[in-house]
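# A closer look at the structure
Chain by chain, the residues run as shown.
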Amino acid sequence: MLPHDKLFIPGPVEVSEKTWAAFSRPLIGHRSDDFKKLYRAIHPKLQTLFGTKQPVFLSTSSAWGVMEASIRNLVDRGVLCCMCGAFSDKWFDVARRCGKKAEPLEVEWGKHIDPKEVDRQLATGRFDTVTLTHSETSTGVMNPLPEICCVLAKYPDVALIVDTVSSFSAVKIDMDALGIDVMLTGAQKALALPPGFSLFSVSEKAFTRAQKVPNRGFYFDFLEFRNEQAQWMTPSTPSIGHIHALESKLDEIFEEGLEARYARHASTNALVHDWVCRTGFEFFAEEGFRTKTLTCVKNNKGIDVLELARRLRQKHHLVIDPGYGKIRGQTLRLSNMGDETEETVAHLLNCLDDSL
Ligand SMILES: *Cc1c(COP(=O)(O)O)cnc(C)c1O
């Protein structure tokens, strides 16, 4: 049998035996009472995690499905895409491919989005939608979400879409209090579920907007999701295994406690940060704007990052990421999200020391 190489890349992350066991439970019909009971049972927990009273939807797609859906459901006049790395940059590309009028608000990779710049752009009146990536997984930047939400509050006709794929459930994000109109996340990041499934929630303002936007399609139509959720169902056959796994994961999350979960992500992240300083590396993301779920390490020492990743995998069966897209080899990314503890992250760092 092949060795089990444990993933410390920023998604997909390691999936526990317990989660896999829940994932492979016997199937139930998606129009059955058992399914409705399952959806109804997990829903309040999902609302708590999202910080919302709005319905939370289950999408059988990777996060990009819901990202594209958000554009198709909300953008009418024009969308401002806040771009600071590979994922946030992609939003702009997707908006254009959907035939929408999109404009970039772009900063250098490693930098954060300045709320004042968002304000300046929205004041032009050209936009009815903004896309923002909370935790930019390619660069390790965490954007100042509360400050950006304060700016949006000045523009009640503008809808805010927030990609929380690599921060959801690891960092507290209150959708309703912040005034977020679409908040979305994927299964394979901090939730530590298998990939191919997403969660999202939609504000009343966004539903009202969607009603007026033509060509929403069917699979990702927010209004279809809302109608079906009212009966504890999904528009089409969902990945039922994911929902069983999610139920199991939610039990774990609330057993641990949300505050303890946020604190665990902060402390494991701090361990990696200490390691970066101790080994003489630097951070790719600017100070004060670093995410808590992964670390994007700048290869200021000019080591062969791909060779390091190879050695770590061969000898220790641990997998790290040698940098995303145009910063491959110039950075390495270490994930601390999901089920990782101080013990497992310390083990990763010891093995890295050994492989350096
Ligand atoms: C991983 C990631 C995505 C893409 O998710 P998929 O599941 O591959 O569609 C989008 N945004 C961010 C910030 C991510 O980290």
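Quick note: structure is the one above.
Residues numbered from 1 in each chain as written. Predicted model: local features only at pLDDT ≥ 70, side-chain atom pairs only at ≥ 80, totals over all residues. Heavy atoms only, no water.

## Some points on the overall build of the protein chain
Within the protein chain, the secondary structure is distributed over 13 helices and 14 strands. Compactness check: the protein chain gives a C-alpha radius of gyration of 20 Å against a globular reference of 21 Å for 356 residues, within 12% of the reference. Going through the 356 residues of the protein chain one by one, you find that 59% of them count as buried. Considering only residue pairs separated by 6 or more positions, the protein chain has 72% of its internal contacts joining residues 24 or more positions apart. Here the protein chain has roughly 14500 Å² of accessible surface; of this, 52% comes from carbon and sulfur atoms. (Helix = DSSP H or I, 4+ residues; strand = E, 2+ residues; numbered from the N terminus. Rg over C-alpha atoms; globule rule 2.2 N^0.38 Å. Buried < 20%, exposed > 50% of the residue type's maximum accessible area, 1.4 Å probe, protein only. Contact = heavy atoms within 4.5 Å. Areas by Shrake-Rupley, 256 points an atom, 1.4 Å probe, with all protein chains shown as cover.)

## So, the pattern of salt bridges
This model, assessed by the stated rule, comprises 25 salt bridges. The partner of Lys18 in a salt bridge is Glu252, and the shortest N-O contact between them spans 3.8 Å. In this pair, Lys18 is assigned in helix α1 (residues 17-23) and Glu252 in helix α10 (residues 240-256), connecting sequence segments 234 residues apart. Residues participating in the shared-partner salt-bridge network are Lys18, Lys249, Glu252 and Asp339. (Salt bridge = Lys/Arg side-chain N within 4 Å of Asp/Glu carboxyl O.)

## Quick notes on helix α3 (residues 63-74)
Under the 1.5 Å per step criterion, the end-to-end length of α3 is 17 Å for 12 residues, consistent within 8% with the ideal 16 Å. Here α3 lies mainly inside the structure; 9 of its 12 residues are buried. Where α3 is concerned, the buried positions are Ala63, Gly65, Val66, Met67, Ala69, Ser70, Ile71, Asn73 and Leu74. (Expected span 1.5 Å × (residues − 1).)

## What about the sheet that holds strand β2 (residues 56-59)?
Spatially, 7 strands are ordered β2-β10-β9-β8-β5-β3-β4 in an open sheet, and the strand pairing comes out mixed. Strands with a single pairing partner mark the edges of an open sheet, and in this sheet they are β2 and β4 (102-106). Ignoring which end each strand starts from, the neighbouring axes of this sheet average 20° apart. As judged from the 5 bridges shared by strand β3 (residues 79-83) and β4, these two strands associate in the parallel manner. Within β4, the residue paired with Cys81 across the bridge is Pro104. (Pairing = 2+ DSSP bridges. Axes fitted to C-alpha atoms, helices over the stretch in contact; angles between N-to-C directions.)

## Overview of the site of the ligand
Neighbouring the ligand are 13 residues, the closest being Ser62, Thr137, Asp163, Gln188 and Lys189. Contact between the ligand and Trp64: an oxygen atom at 2.8 Å from a main-chain N or O atom of the residue. Within the side chain of Asp163, a nitrogen or oxygen atom sits 2.7 Å from a nitrogen atom of the ligand. Compared with its free state, where it exposes 390 Å², the ligand has 89% of that area covered by protein. No other element matches the 3 residues that α3 contributes to the shell around the ligand. Here the residues of the shell around the ligand are counted per class, giving 5 nonpolar, 6 polar and 2 charged. (Near = heavy atom within 4 Å. Polar contact = N/O pair within 3.5 Å; in protein donor to acceptor, adjacent residues only side chain to side chain. Nonpolar A, V, L, I, M, F, W, Y, C, P; charged D, E, K, R; others polar.)

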